Amino acid sequence: MTEPIITFEKVNKWYGNNFHVLRDIDLSVAKGERIVVCGPSGSGKSTMIRCINRLEEHQQGRLVVDGTELTDDVKAIDQVRKEVGMVFQQFNLFPHLTVLENLTLSPIWVGKMPKKEAEERAMAQLKRVRIAEQAGKYPLQLSGGQQQRVAIARALCLKPKIMLFDEPTSALDPEMIKEVLDVMVEMASQGITMICVTHEMGFAKAVADRVIFMDQGQIVEQNTPHEFFNHPQNERSRDFLSKILGH
Amino acid sequence: MTAKTFEPIAPRPAPVRTDGPVAWAKQNLFADWKTSAGTLMILGLLLWWAPQFFNWAVVNAMWRPDAEACRADGIGACWGVVAEKYRLIIFGRYPFDEQWRPLVATCLMVGLLVISCIRYCWKPWLPVVCVAVLAAFFTLMYGDTMGLTKVETDRWGGLPLTILLASLSIVMAFPIALVVALGRRSNLPAIRSFCTIYVELIRGVPLISVLFMASFMFPLFMPQGLTIDVLIRVLVGITLFAAAYMAEVIRGGLQAIPKGQIEAAATLGLSYWQTQFKIVLPQALAMVVPGIMNNFIAIFKDTSLVTIVSLYELTGALGLALNSDADWRPYKIEGYLFIAMIYFGFCFAMSRYSLWVEKQVNKSKLR
């Protein structure tokens, strides 16, 4: 196995004093690995991936992303955020900016890229997610699926090494889920490290190298999709799978 | 089996007209007996009151600046008071022979305010023009250079003073309000409590007492020999007062921005200030345009309180003009109607402009 790009070592996190949301998380992610995280709601999946780009801070343990340890050091956080793109459940596009401006904002203001070059790169990313013709519209003029594809393109504009997906299809109508998953499948074939919190088990089977099952702030089981879906080892994961695959 | 042929039903007009003035009146004014009664009552009041006002204001009015004739006439408005006193009302105690200076200065200032509201003029040269116009305004008003005689600021008055105080305090209060609003949401406790204390202290006292302190108490704490012009002290007072209120309006807008917007900005690597200026403030301010304009209009009218520290802006100048003259003192109502029209003109323009701004900033929400 190659040098891991993300390492969790006994990471713990509490909300307030009494809510122990992440408990002794140990995880290492290899470069280019595609991981799907699943589990019941409130199990800490989102919190875990949000620790990777420090949207949440952990209180105990070590978390190293691409050679940089995440601490209170602002420079380290900035460094990590340059390498990590994120896609949210609620898209979080900037509604007052056009699609194109959403994509070029960070390259121009953070990356100090000339406007023209940033726009060319943005258009290339929009083509990649098959939405280039909507570049001049405002986000609220698009459908949910289109908005989420714009959000993916926006994250890709920064050429991240790691992409985090926090339930990217949970806020979408069933018909739109496929168009977003198609884009994610295409991305998965290009060697980017992906960590995806999702309940789309079809997606997990198709692209994941590893499935992680969490419950009550712990990693209960991790395995290849084939093994995980066909021979779950832990009774908790068996119970969960029977519920989501049973109908 | 033969298919049925389609036979369209010929279109018919609606049995009851639903458009046109008659239908509108029927729906809105005489829908049932209660609305009809209300309509008739209001109509009756208008018919009773409007002709009286019209008679007073126009038919029986005396237009010549002749106090004797006004008193003899006695039943109509005496607009002569405006004709007689308008220069004193509009320019206050400014030396009579030099009043062309405030006139030019005011025209320049109003012109600047108008062009800075037009999108076409939002060019790099606009700040240069602003500085030039302000410099011209103060040079013209103060004089003491280029052959103009010196006129101390305590003799400035009337409309030029109102416009100067209102526009400068609006322009200065807005950035202060932005910073204070952001400061009250800061993660740093020192900044947060400083901003909170500032807002609570200023909001807790009436503007009159702020002006009073700025004018009379502040100089007591200054070192001997050092004096700051009363106009500047009052300007600072109004600015700080207005900023506290505006900060709260803006903070309301900031609170409405979803946390996800800030998280998205963070994942894109934007710094705190970039996030505020590119993401948070544009959306927050767009939401509170009506509230901010409310503040602007309030400031414009609150400048009338500077009378208590002996600066005679429009309202103060009216009092000055009429109280000192026993012949014209009875016709204060006409004078107040005159300046009310001036105030209304400015405030109405501001409120129309705010509607236009709202339309502009809501473009991204149109489908």
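None of these values were measured; they are calculated from a predicted model.

Asker: Help me understand the overall build of chain B in this model?
Answerer: The helix and strand inventory of chain B stands at 15 helices and one strand. In terms of its C-alpha atoms, chain B occupies a principal-axis envelope of roughly 110 × 75 × 40 Å. When burial is assessed residue by residue, chain B has 40% of its 367 residues classed as buried. Nonlocal contacts in chain B, meaning residues at least 24 apart in sequence, comprise 69% of its contacts between residues at least 6 apart. Total accessible area on chain B is roughly 21,300 Å²; 70% of this is exposed by carbon and sulfur atoms. Positive and negative charge centroids in chain B, built from 31 and 22 side chains respectively, lie 13 Å apart.

Asker: Would you explain the pairing of strand β3 (residues 34-38) of chain A in this entry?
Answerer: Taken residue by residue, a regular strand's side chains alternate between the two faces of the sheet. Residues and elements named next belong to chain A. Burial of β3 is extensive: four of the five residues sit out of reach of the surface. With four bridges joining them, β3 and strand β8 (residues 193-197) adopt parallel strand pairing. The residue of β8 that forms the bridge with Val37 is Val197. With four bridges joining them, β3 and strand β9 (residues 210-215) adopt parallel strand pairing. Its bridge partner being in β9, Ile35 is matched across the sheet by Arg210.

Asker: What should I look at first to understand the interface of chain B and chain A in this one?
Answerer: Put simply, an interface is often sized by how much accessible area is lost when its parts join up. Chain B puts 21 residues into the contact, and the matching count from chain A is 22 residues. On the chain B side of the interface with chain A, the three residues burying the most area are B:Thr267, B:Leu268 and B:Ser364, jointly 32% of the side's total. In this structure, the connection of chain B to chain A is made through one salt bridge. Between B:Glu263 and A:Arg50 there is a salt bridge, with its nearest N and O atoms 2.5 Å apart. Put simply, chain B and chain A have seven residue pairs in polar contact (both at pLDDT 80 or more) between them. Of the residues assigned to the side of chain B that touches chain A, the class counts are eight nonpolar, seven polar and six charged.

Asker: Teacher, can you tell me more about the packing of aromatic side chains here?
Answerer: All names here are of chain A. Counted according to the given criterion, the structure contains 18 aromatic pairs over all chains. An angle of 45° between the planes, with centres 5.0 Å apart, marks the rings of Phe213 and Phe240 as tilted. With Phe213 in strand β9 and Phe240 in helix α9 (residues 235-245), the pair connects residues that are 27 residues apart, well separated along the chain. Given the relative accessible area of 0%, Phe213 is considered buried. Looking at Phe240, the relative accessible area reads 8%, which means it is buried.

Asker: Explain the sheet that holds β9(A) to me, please; I cannot follow it from the model alone.
Answerer: Strand pairing in a sheet takes place through backbone hydrogen bonds and is either antiparallel or parallel in direction. Residues and elements named next belong to chain A. Strand order in this open sheet of six strands is β6-β7-β8-β3-β9-β10, and the pairing throughout is mixed. This sheet does not close on itself; its edge strands, each paired only once, are β6 (84-87) and β10 (218-223). Sheet twist, expressed as the average angle between the axes of neighbouring strands with direction ignored, equals 20°. Along the sheet face, α9 touches β3, β9 and β10 and points at about 100° away from the line of β9.

Asker: What should I look at first to understand the sheet that holds strand β1 (residues 4-15) of chain A in this one?
Answerer: Residue and element names in this part refer to chain A. Strand order across the open sheet formed by four strands is β2-β1-β4-β5, with antiparallel pairing between neighbours. Of all the strands in the sheet, just β2 (19-30) and β5 (68-69) have a single pairing partner and so form its edges. Here strand β4 (residues 60-65) pairs with β5 via two bridges, running antiparallel. Residue pairing in the sheet places Val64 in a bridge with Glu69 of β5.

Asker: What exactly am I supposed to notice about empty space enclosed by the protein here?
Answerer: Tallied over the entire structure, the rule returns two cavities of 30 Å³ or more. Size it by volume and the largest cavity reaches roughly 40 Å³. Contributing to the lining of the largest cavity are A:Arg34, A:Ile35, A:Val36, A:Met194, A:Cys196, A:Phe203, A:Val207 and A:Ala208. The leading source of residues in the lining of the largest cavity is β3(A), at three residues. When its residues are assigned to classes, the lining of the largest cavity shows seven nonpolar, no polar and one charged. Of the voids in this model, the second largest cavity is the one considered here, and its volume is about 30 Å³. Lining the second largest cavity are A:Val84, A:Gly85, A:Met86, A:Ala155, A:Leu158, B:Thr267 and B:Leu268. Per element, the largest residue contribution to the lining of the second largest cavity is three residues, and it comes from β6(A). Considering only residue class, the lining of the second largest cavity consists of five nonpolar, two polar and no charged.

Asker: It is not clear to me how a nonpolar patch on the surface should be interpreted in this structure. Could you clarify?
Answerer: A cluster of nonpolar side chains, contributed by B:Phe218, B:Ile228, B:Ile232, B:Val236 and B:Leu240, occupies part of the molecular surface with about 380 Å² of accessible area. Given the relative accessible area of 31%, B:Ile228 is considered partly exposed.

Asker: So what exactly am I meant to see when it comes to helix α5 (residues 100-115) of chain B here?
Answerer: At 3.6 residues per turn, the α-helix brings residues three or four places apart onto the same side. All names here are of chain B. A rise of 1.5 Å per residue sets the reference length of α5, with its 16 residues, at 22 Å; its end C-alpha atoms lie 23 Å apart and thus fit the reference within 8%. Of the positions making up α5, those classed as buried are Arg101, Pro102, Ala105, Thr106, Met109 and Leu112. Relative to the axis of α5, the buried residues are bounded by an arc of 125° and lie together on one face. Considering only its buried residues, α5 is in contact with α4 (80-91), α6 (125-142) and α7 (158-184).

Asker: How should I be thinking about the pattern of salt bridges in this particular structure?
Answerer: Residue and element names in this part refer to chain B. Per the counting criterion, the structure on display carries 25 salt bridges over all chains. Between Lys259 and Glu263 there is a salt bridge whose closest N-O contact spans 3.6 Å. Here the residue Lys259 and the residue Glu263 both occupy positions in helix α11 (residues 259-267), the gap between them amounting to four residues, near one helical turn. We classify Glu263 as buried; its relative accessible area is 11%.

Asker: How should the packing of α7(B) against helix α10 (residues 230-255) of chain B be read in this particular structure?
Answerer: The axes of two packed helices give the description: the angle between them and the distance between them. All names here are of chain B. Where α7 contacts α10, the axes come no closer than 6 Å and their chain directions differ by 45°. In terms of axis orientation, α7 runs oblique to α10. At the point where α7 passes α10, the crossing takes the right-handed sense. Considering only residue class, the contact of α7 with α10 consists of 23 nonpolar, two polar and three charged.

Asker: Could you clarify how one ought to interpret the packing of helix α3 (residues 99-109) of chain A against helix α4 (residues 115-128) of chain A in this entry?
Answerer: All names here are of chain A. Between α3 and α4, the least distance of the axes is 9 Å, while the angle of their chain directions is 125°. Taken together, the axis directions place α3 and α4 in an arrangement best described as oblique. As for how α3 packs across α4, the hand of that crossing is right-handed. For the pair α3 and α4, the contacting residues are Val99, Leu100, Leu103, Thr104, Pro107 and Ile108 in the first and Lys115, Ala118, Glu119, Ala122, Met123, Gln125 and Leu126 in the second. Each residue belonging to the contact of α3 with α4 can be placed in one class, and the counts come to nine nonpolar, two polar and two charged.

Rules used throughout
Residues numbered from 1 in each chain as written. Chains lettered and ligands numbered in written order. Predicted model: local features only at pLDDT ≥ 70, side-chain atom pairs only at ≥ 80, totals over all residues. Heavy atoms only, no water. Helix = DSSP H or I, 4+ residues; strand = E, 2+ residues; numbered from the N terminus. Buried < 20%, exposed > 50% of the residue type's maximum accessible area, 1.4 Å probe, protein only. Contact = heavy atoms within 4.5 Å. Areas by Shrake-Rupley, 256 points an atom, 1.4 Å probe, with all protein chains shown as cover. Lys, Arg positive; Asp, Glu negative; His and termini not counted. Charge placed at Lys NZ, Arg CZ, Asp CG, Glu CD. Pairing = 2+ DSSP bridges. Buried area = accessible area lost by both parts, 1.4 Å probe. Salt bridge = Lys/Arg side-chain N within 4 Å of Asp/Glu carboxyl O. Polar contact = N/O pair within 3.5 Å; in protein donor to acceptor, adjacent residues only side chain to side chain. Nonpolar A, V, L, I, M, F, W, Y, C, P; charged D, E, K, R; others polar. Phe/Tyr/Trp six-rings, centres within 6.5 Å; stacked < 30°, edge-to-face > 60°. Axes fitted to C-alpha atoms, helices over the stretch in contact; angles between N-to-C directions. 1 Å grid on protein atoms, 1.4 Å probe; cavity = no way out; pocket = protein on both sides within 12 Å on 5 of 7 lines; lining within 4 Å. Points joined across faces, edges and corners; volume = space filled by probe spheres on them. Patch = residues over 30% accessible without salt bridge, like charges linked within 9 Å, V, L, I, M, F, W, Y side chains within 5 Å. Expected span 1.5 Å × (residues − 1). Arc of directions from axis to C-beta. Parallel < 35°, antiparallel > 145°, perpendicular 65-115°, else oblique. Left-handed = near helix turned anticlockwise from the far one by under 90°.

Spatial relationships are all this shows, so hold off on functional conclusions.
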